[in-house]
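# Close look at the chain arrangement
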Amino acid sequence: MTRLITLAFATLLFVTGCSSGITTTPSAEGTPAATTSAAPAPSATAAGPTISIADMKFGAPLTVTPGATVTVVNSDGAEHTVTADSGNAFNAEVGGKGTTTFTAPSQPGTYAYHCTYHPMMHGQLIVQ
Ligand SMILES: [Cu+2]
């Protein structure tokens, strides 16, 4: 009887240890950014709301109007995405040293976002 309990306990330990060891961050592979809108670049009048990515950081929270066109400028050599944490409010992919744009949500609110390639990168888009 004692032996059975010991065995059960050992099994439990093994399972617990095993599952915690498996917990790794999900891979970003196979999650293509949906909308890299190859939209016509607005001529001359450039400076709209802009998210500037540098040194693997998005920078300070950006406040925009609903439905605004947000420009993403990537100063890094690495590719990044601007992906809403929840739902699919927006998901823009920007290549190394590249620029892209996406449309801000029409629903006011604070949208946390991240980079699918670098999950430690976080930012906030405030729509109001
Ligand atoms: Cu990134």
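Residues numbered from 1 in each chain as written. Predicted model: local features only at pLDDT ≥ 70, side-chain atom pairs only at ≥ 80, totals over all residues. Heavy atoms only, no water.

We now examine the sheet that holds strand β6 (residues 99-103). Taken in spatial order, the 3 strands line up as β1-β3-β6 in an open sheet, and their pairing is mixed. Looking at the sheet topology across the chains shown, the edges are occupied by β1 (50-53) and β6. Between one strand axis and the next, the sheet turns by 20° as a mean value, whatever way the strands run. In the sheet, β1 pairs with strand β3 (residues 69-74) via 4 bridges, with the strands oriented parallel. Counterpart to T50 in the pairing with β3 is T71. (Pairing = 2+ DSSP bridges. Helix = DSSP H or I, 4+ residues; strand = E, 2+ residues; numbered from the N terminus. Axes fitted to C-alpha atoms, helices over the stretch in contact; angles between N-to-C directions.)

Right, let's talk about the nonpolar core for a bit. Counting residues in each nonpolar core, the largest one holds 21 residues, and the members touching the most others are I51, V82, F102 and L125. Elements with a contribution of two residues or more to this core: β1, β2 (62-64), β3, β4 (80-84), β5 (91-94), β7 (109-114) and β8 (122-127). Leaving out residues up to four positions away in the same chain, I51 has contacts with F58, L62, V70, T71, V72, V73, V82, F102 and Y113. (Core = buried A, V, L, I, M, F, W, Y, C linked by side-chain atoms within 4.5 Å. Buried < 20%, exposed > 50% of the residue type's maximum accessible area, 1.4 Å probe, protein only. Contact = heavy atoms within 4.5 Å.)

Next up on the list: the confidence of the model for the protein chain. On average, residues of the protein chain score 79 in pLDDT, and 63% of them are at 70 or above. Long-range and interchain partners of residues 4-39, a stretch whose pLDDT sits below 50, account for 13 contacts in this model, where long-range means more than four residues apart. Note that residues 41-45 has pLDDT below 50 and, in this model, 0 contacts with residues that lie over four places away or in other chains. (pLDDT = per-residue confidence, 0-100.)

Geometrically, a pair of aromatic rings is defined through the distance of the ring centres and the angle of the planes. All chains considered together, the criterion is met by 4 aromatic pairs. Ring geometry for F58 versus Y113: centroids 4.7 Å apart, planes at 75°, classification edge-to-face. Of this pair, F58 sits in the loop between β1 and β2 while Y113 sits in strand β7, and the two are 55 residues apart along the sequence. Exposure remark for Y113: the relative accessible area of 1% places this residue in the buried category. Here the aromatic residues F58, F90, F102, Y111 and Y113 are joined through ring pairs into a cluster of three or more. (Phe/Tyr/Trp six-rings, centres within 6.5 Å; stacked < 30°, edge-to-face > 60°.)

Only H80 (ND1), C115 (SG) and H118 (ND1) from the protein coordinate the copper ion, and they sit 1.9 to 2.1 Å from it. Expressed as a motif, the donor residue spacing for the copper ion is H-x34-C-x2-H. Residue class for H118 comes out buried when judged on its relative accessible area of 15%. (Donors = N, O, S within 2.8 Å, 3.2 Å for Na, K, Ca; no water.)

This paragraph deals with unusual backbone geometry. Of note in the backbone geometry, M56 takes a positive phi value of approximately 60° without being a glycine. Following the sequence through the fold, M56 ends up in the loop between β1 and β2. On the accessibility criterion, M56 (31% relative accessible area) is partly exposed. Of note, K97 is a non-glycine position whose phi angle comes to about 60°, a positive value.

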